[in-house]
Each structure stands twice: as C-alpha cells, then as structure tokens.
Amino acid sequence: MSFKKALTGFFGINRSMLGLLGMVVLVGMGEKVAERFLPVYLIALGGGSISIGLLNGLDNLLSALYSYPGGWLSDRLGTKRALLVFNFIAMAGFVIVILVPSWPAVIGASFLFLSWTAISLPASMDLVSKALPKNKRTMGVSVHSLVRRIPMGAGPIVGGLFIAEWGTELGVRLAFCAALGMAIVAAGMQQVMIAPDRKKAEEHGEKAAACAASCFSPPLLNLLVADILVRFCEQIPYAFVVVWAVREIASPVTEFEFGVLTSIEMATALLIYVPVAYFADRGKKKPFVAVTFAFFTLFPMALLSCQSFWPLAAAFVLRGLKEFGEPTRKALIMDLAPEGRKAETFGKYYLIRDTVVSLAAFGGAFLWEIGPAVNLATASACGAAGTLWFIARGASPANPPSYSPSSSDPPSSSPPPSPPPSSPP
C-alpha cells in the first residue's frame, strides 16, 4: 500500500469526504471573514447597541432552532442536494448584505446566513456516516472538527485586512462579496465530489410519521439526558469565566493573558482529536464519552481553586481536554440513530439539547449573584449528575474490527449492514 493510500485510509479521507471538507473550509471562511465584524458594521450603519444585541441573540437562537429543519431536509432531499440548498440559503443572505447597506437589512439577512453551520451540521454528520463505515466515523467527525477550525482562525484575519484597506462599510461589503464567491466555488465542488445518495428521497418521506416516535431509542435518550446535564455544567459559568480570571481572583490576569489561556485550551483540543479518534474507532465509544463528561465536570471546581496565571493555565488545559471525546459523542449519536433518519435525528437531538441548555445562561447569572463559588459548585454538580447517569445508563454499539479503505470512493453511499443480533463463536 502506498503512503498516500495509508494516510488517507488512516484519516478516513475519500472523494466524498474531500468534497465535504472543501465546503467546510470555503463556506466557513466566507462566514468568518464577514460575520466577525458585523457588530462594527451595524454601528457604522447607525444600528447602535440594540442591533448588536439582537444579532447576538439571533445567533444563539437560530443555532438551536435550525438543527432540526436542517436534518429533516437532509433526510428528504438527500445529503448532497440538501447541502446545495443550504449553500444557496447562505448565498441569498450574502447578496442582501452586499446590495442593501442598511442595518435592518443585515438583521433580516442574518436569518439566512448566520446559522449556516447549525443548519448544515446534521447533513454533514449524515454524510460522514454514509461515506465511512462505523469503525472510521469517529475519525471522520474528528477531521471535520479540525478542518472547521481553519476558517475560525484565518477568516477574521482576512476580514480585518479588508476593513484596514477599504474601511468598515465598504470593507465589510467586499468581505461578503468574497464570502459569496467562496460559497459558489464550494457549491460546485460538493456537487462534483460528493457521491449521490442511493436511496431516493421519497423512501425517506414514507418514514416521516414513524420517526417522531422511533428516532430516539433508550440509549440515545440516555445520552441526551446526560449531555443536557453536562452542558448545564458548561454553560452555567461560561460567561463568567473571564470575569473570574480578570476580576475575582487574588492575582487577576490581564485580558491579553486571558487570550493566551484561550489559546492553550484550543491547542490542547487540537492535539487530542486524532489520537482519541484512532482508539475510539477500535472499540466501544462509551468510555471516551464518559471521560469527556468527567473533564467537563472537573473544570469549574479546578477554576475555583485557581488564583493566578499558571494554575489557570493548567485549568485551561483541563478545559481543552473536554474535547477529548466530543467527535466520539457525535459519532455515537449517528450510530444510535435509526438508518434512513440519521440527519433528522441528529438535528432533533441538538434542537432539544440546545433549547433546554439555553436556560443555563439565565440561571448562571442568578447563581453568580449569590456568589462565584455557588455558581461553579452548582455547575460541577450538574456535570457529575450527567456523568454518573451516562456511566450507569449509557450504551454504545461495538465497531466492526477492520476496514480496508478505497483511495477515492466511499465504501458505500449508505451505511454498511449491521451484524446479526447474535452469532455463535
């Protein structure tokens, strides 16, 4: 086997995956080039702080609400066509911002482009499950997560150059022109490279009524309950972590040092994605998800004990380790979702989880008013409850023992058949 085949086989890369990753980079770059500077653009257009708050609120709300319709459309149109539709929706939003320099128009257009990631994520995860067998899905999700971070880092730099060269108003509109161009290229790439769905959309539509009752098996429901509790652990102190670090502790850090702490967290997450995915694909996923939930649980209490920069640096390494099994958790959702309804189930899962967890931000503020220690201890208690629930009641199917990848095409456009329920040795 050549080095190229060995490398692509290790990372679960084939033609369809390359089409997906190219789309993630191009459309993601378009989003981050322009979106990060929308607050200053709104001010330049006379929108004021109210318009910025409205934009931020919409970002969080739409991220929760768009997951389910994204999955629903993917199961009915097919993954390839659904991703094309999502690209066109984002492009329509870009065009409005380019042509109408008015802050109400920007807010209206945000309904189209702001949550492209949320609406396309179920279809993307469905594509990974179709393009790769079970014993490569965690690696596929991990590579997707890694590649998503390229536009997160590079996009704002490019957008800042546009504004430095042409000013805020023209610079942001030109950045949206660049975003539109990259989305067009991404649409062409995904149509050429992503394999078509074998099952017809009508076959998916026939199962729509049954899915409402059958999409969530007991193992998936148990994962959802545990995930909600653990996300409460994350979100209760989320907005106050910076306040704790730069205001509350005995030796507060500077804002720049807090940025360094965030970089430490990101670097830790990036370093563990691939090795964890490699081992998770070779056995049951449950232990990796359980360890991830434990890292979520430990961070608030570790933060409570930190009073200077270096202990905080260690705590942020711990915070980065919460990504230990995040791609594994997404792959587990796809494993537990019913065949033919994976994208819709993934979207419904995120809709329920994120809608419920949005309450944690409000509760966290009240707890912080009582005292930072109360906030952080309550967060850890929620995390511990979720972790113990998953250890006691969570489950995950075992992966097939081996996979011989093709150099270009996916092994199948649909998931491989499940092994028989039982077989003698």
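Residues numbered from 1 in each chain as written. Predicted model: local features only at pLDDT ≥ 70, side-chain atom pairs only at ≥ 80, totals over all residues. Heavy atoms only, no water.

A short note on the pattern of salt bridges
Close approach of charged atoms allows side chains of opposite charge to pair.
Then step 1. A complete count under the given rule lists 16 salt bridges for this structure.
Then step 2. Note that Arg-76 is salt-bridged to Glu-344, the shortest N-O span being 3.0 Å. Highlighted residues: Arg-76 in helix H5 (residues 67-77) and Glu-344 in helix H19 (residues 342-370), separated in sequence by 268 residues.
Then step 3. Take Glu-344: its relative accessible area is 2%, and that puts it in the buried class.
Then step 4. Across the pair Lys-322 and Glu-234 runs a salt bridge whose closest N-O atoms are separated by 3.8 Å. Remark: Glu-234 occurs in helix H13 (residues 218-235) and Lys-322 occurs in the loop between helix H17 (309-320) and helix H18 (326-336); sequence separation between them is 88 residues. (Salt bridge = Lys/Arg side-chain N within 4 Å of Asp/Glu carboxyl O. Helix = DSSP H or I, 4+ residues; strand = E, 2+ residues; numbered from the N terminus. Buried < 20%, exposed > 50% of the residue type's maximum accessible area, 1.4 Å probe, protein only.)

Topic: the side chain of Arg-329
Then step 1. Inspection of the secondary structure puts Arg-329 in helix H18.
Then step 2. For Arg-329, a relative accessible area of 1% puts it in the buried group.
Then step 3. Side-chain polar atoms of Arg-329 contact the side chain of Glu-326, separated by 2.9 Å. (Polar contact = N/O pair within 3.5 Å; in protein donor to acceptor, adjacent residues only side chain to side chain.)

Points about the nonpolar core
Then step 1. The biggest cluster of nonpolar side chains holds 89 residues, and the ones touching the most others in it are Met-23, Phe-94, Phe-113, Phe-176, Leu-223, Tyr-349 and Phe-390.
Then step 2. Residue contributions to this core peak at 10 residues, all from helix H2 (residues 15-35).
Then step 3. If sequence neighbours within four positions are ignored, Phe-176 has contacts with Ala-34, Leu-38, Phe-94, Val-97, Ile-98 and Phe-113.
Then step 4. Among the nonpolar cores identified, the runner-up in size contains 19 residues, and Leu-303, Leu-312, Ala-313 and Leu-376 belong to it. (Core = buried A, V, L, I, M, F, W, Y, C linked by side-chain atoms within 4.5 Å. Contact = heavy atoms within 4.5 Å.)

Topic: the confidence of the model for the chain
Then step 1. Per-residue confidence for the chain gives a mean pLDDT of 82, with 87% of residues at or over 70.
Then step 2. The model gives residues 200-206 a pLDDT under 50, and that stretch makes eight contacts with residues more than four places away or in other chains.
Then step 3. A low-confidence stretch, residues 401-425 stays under pLDDT 50, and its non-local contacts, those more than four residues away or across chains, total 39 contacts. (pLDDT = per-residue confidence, 0-100.)

Points about a nonpolar patch on the surface
Then step 1. Together, Val-95, Ile-96, Leu-99 and Val-100 give the surface a local cluster of nonpolar side chains, amounting to about 300 Å² of exposed area.
Then step 2. The topology assignment puts Val-95 in helix H6 (residues 79-99).
Then step 3. On the accessibility criterion, Val-95 (31% relative accessible area) is partly exposed. (Patch = residues over 30% accessible without salt bridge, like charges linked within 9 Å, V, L, I, M, F, W, Y side chains within 5 Å. Areas by Shrake-Rupley, 256 points an atom, 1.4 Å probe, with all protein chains shown as cover.)

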